[in-house]
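Chain by chain, the residues:
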Amino acid sequence: MSQFDLNESQLAIQELARRFTADAITPHAAEWDEKHIFPRDTIRAAGALGFGGIYVSEESGGIGLGRLEAALIMEAMAYGCPSTSAFISIHNMSAWMIDSFGGQAVKDRYLPALVTMEHVASYCLTEAGSGSDAAALSTKAVRDGDHYVVTGSKQFISGGGESEVYVVMVRTGGEGPKGISCIVIEKDMPGVSFGAQERKLGWHSQPTAQVNFDGVCVPVENLVGAEGEGFRIAMIGLDGGRLNIGACSLGGAQRCIDEAVAYTRDRKQFGQSIAEFQNTRFMLADMQTELEAARTLLYAAAVKVTENAPDKTRFAAMAKRFATDTGSSVVDRALQLHGGYGYLMDYPIERFWRDLRVHSILEGTNQIMRMIVARDML
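The notes below deal with the structure included here.

Calculation rules
- Residues numbered from 1 in each chain as written.
- Predicted model: local features only at pLDDT ≥ 70, side-chain atom pairs only at ≥ 80, totals over all residues.
- Heavy atoms only, no water.
- Helix = DSSP H or I, 4+ residues; strand = E, 2+ residues; numbered from the N terminus.
- Expected span 1.5 Å × (residues − 1).
- 1 Å grid on protein atoms, 1.4 Å probe; cavity = no way out; pocket = protein on both sides within 12 Å on 5 of 7 lines; lining within 4 Å.
- Points joined across faces, edges and corners; volume = space filled by probe spheres on them.
- Pairing = 2+ DSSP bridges.
- Contact = heavy atoms within 4.5 Å.
- Core = buried A, V, L, I, M, F, W, Y, C linked by side-chain atoms within 4.5 Å.
- Buried < 20%, exposed > 50% of the residue type's maximum accessible area, 1.4 Å probe, protein only.
- Phe/Tyr/Trp six-rings, centres within 6.5 Å; stacked < 30°, edge-to-face > 60°.
- Lys NZ or Arg CZ within 6 Å of the ring centre and 35° of its normal.

Residues that lie three or four places apart on an α-helix share one face, since the helix turns once every 3.6 residues. An ideal rise of 1.5 Å per residue puts 39 Å on 27 residues; helix H9 (residues 312-338) measures up with 38 Å between its terminal C-alpha atoms. Following H9 by one or two positions, Gly339 adopts a phi angle in the positive range, close to 60 degrees.

Next up, the structure:
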């Protein structure tokens, strides 16, 4: 075993996630996509394996694994459905934030149902007027005795209208990042409402909607961290979220490589399998080489985030940028190798092509990732 090999426990969790994917996700993913089905039963089944609290502490009911193990799980599930895997990633980020920064009361109230995924959680940072400029958010929380009164809206929220729990970044102070706090809001609190489901290119197996807060009274004990710490907590959460979304690109792209290998072996043109042509072989070799490079960088970044290394944020940004760009490029070439058939819904390639496209936008655009890396370098 070399320093670059997975250890026995990591291989075991990877195999568990792969078996779960083969049995519970891959056979159904095309139908979920076509009919826009949010597979709550499958998500609960993932929770039964511990996948709803992957890096939530064991004391809080999670399985207390590291970020590399989480990436292995997300990569394995994305082999069947990147959309569903990404949703579970977002839920894990939200649950981890409550566990890591919340007081005992908020942990006791929400984590038992979140780690089993009987309830699911959404992460609410983005607003219509603050996307990449996240610190410009305007949703306000005004202290009123033992409650905060929350007013504003959040945009592009995965799980919007379905999730029971929303981990929300709100403005409790002045302008800029130091005026932002983090608070947990429940779906059924008076004043919470949702916009229409967004009509998306991909990610059809998970709901996405605007979340609105109209004078919502939230107990002070639902604050996660202290006032003014919300932006820092949100950014720490995104280090792990970026790894997971990169891992979803790895899993989706590997599936498309495997599909392309099988297709080019079977497809015959000019009297021979198209896998016999040098051009096909060179394309496949480049696709696998680039994906392995992205995988190695992402695994290294995951270890740095787990160990709280000083360069963890730089590496998480590099890995997210490289894995998501590479994943989309690999899937695009896999579609090309399928020819016209790759454009049809009869084959899975076009679904992965649609699902992976958003990965270079969310959890911080890949342009913002470059800014993070360059700022750290300089």
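Of the pockets and cavities examined, the largest pocket occupies roughly 1,100 Å³. As for the largest pocket, its lining consists of 43 residues, of which Thr126, Ile361, Leu362, Glu363 and Gly364 are closest to the centre. Among the elements that line the lining of the largest pocket, the one with the most residues is helix H7 (residues 230-266), at seven residues. As a volume, the second largest pocket reaches approximately 300 Å³. Surrounding the second largest pocket, 14 residues form its lining, Gln3, Phe4, Thr296, Tyr299 and Ala300 being those nearest its centre. Of the residues forming the lining of the second largest pocket, the biggest block, six residues, is contributed by helix H8 (residues 278-306).

This brings us to the pairing of strand E3 (residues 147-158). Relative to E3, strand E2 (residues 140-144) runs antiparallel, the two sharing five bridges. Pairing of Val142 across the sheet is with Val149, part of E3. Joining the antiparallel neighbours E2 and E3 is a turn of two residues, in which Gly145 adopts a positive phi near 70 degrees. Pairing between E3 and strand E7 (residues 208-219): 10 bridges, direction antiparallel. Bridge pairing links Lys154 to Val211 in E7.

With that settled, the discussion passes to the environment of Val56. Mapped onto the elements of the fold, Val56 is located in the loop between helix H3 (40-48) and helix H4 (67-78). Sequence separation between Val56 and Ile98 is 42 residues; the distance between their C-alpha atoms is 8.9 Å. Sequence-distant contacts of Val56, defined by excluding residues within four places in its chain, comprise Gly62, Ile63, Gly64, Ala95, Trp96, Asp99 and Val115.

By size, the foremost hydrophobic cluster in this structure holds 108 residues, and its most contacted members are Met97, Ile98, Tyr123, Val150, Met169, Ile185 and Leu298. Among the elements that make up this core, the one with the highest residue count is H7 (13 residues). Setting aside its immediate chain neighbours within four residues, Ile185 contacts Val150, Glu164, Val165, Tyr166, Val168, Val192, Phe213, Val216 and Val218. Grouped together as the second largest cluster of nonpolar side chains are five residues, Ala317, Met369, Ile372 and Val373 included.

Now for the packing of aromatic side chains. One pass over the full model with this rule turns up nine aromatic pairs. Here the aromatic rings of Tyr55 and Trp96 are separated by 6.4 Å at their centres, their planes lie at 75 degrees, and the arrangement is edge-to-face. Highlighted residues: Tyr55 in the loop between H3 and H4 and Trp96 in helix H5 (residues 82-101), separated in sequence by 41 residues. When its relative accessible area of 7% is taken as the criterion, Tyr55 is described as buried. Grouping aromatic residues by their ring pairs yields a cluster made of Tyr55, Trp96 and Phe101. The lysine or arginine in question, Arg67, covers the ring of Tyr55, its NZ or CZ lying 3.7 Å from the ring centre. Between the NZ or CZ atom of Arg143 and the centre of the ring of Tyr148, over which it lies, the distance is 5.8 Å.

The next subject is unusual backbone geometry. One non-glycine residue with positive phi stands out, namely Met117, at about 65 degrees. Among the secondary structure elements, Met117 is positioned in the loop between helix H6 (104-115) and strand E1 (121-124). Residue classification places Met117 among the buried positions, given a relative accessible area of 0%. In this model, Phe156 sits at a positive phi of 60 degrees, which is unusual for a non-glycine residue. By the element assignment, Phe156 lies in strand E3.

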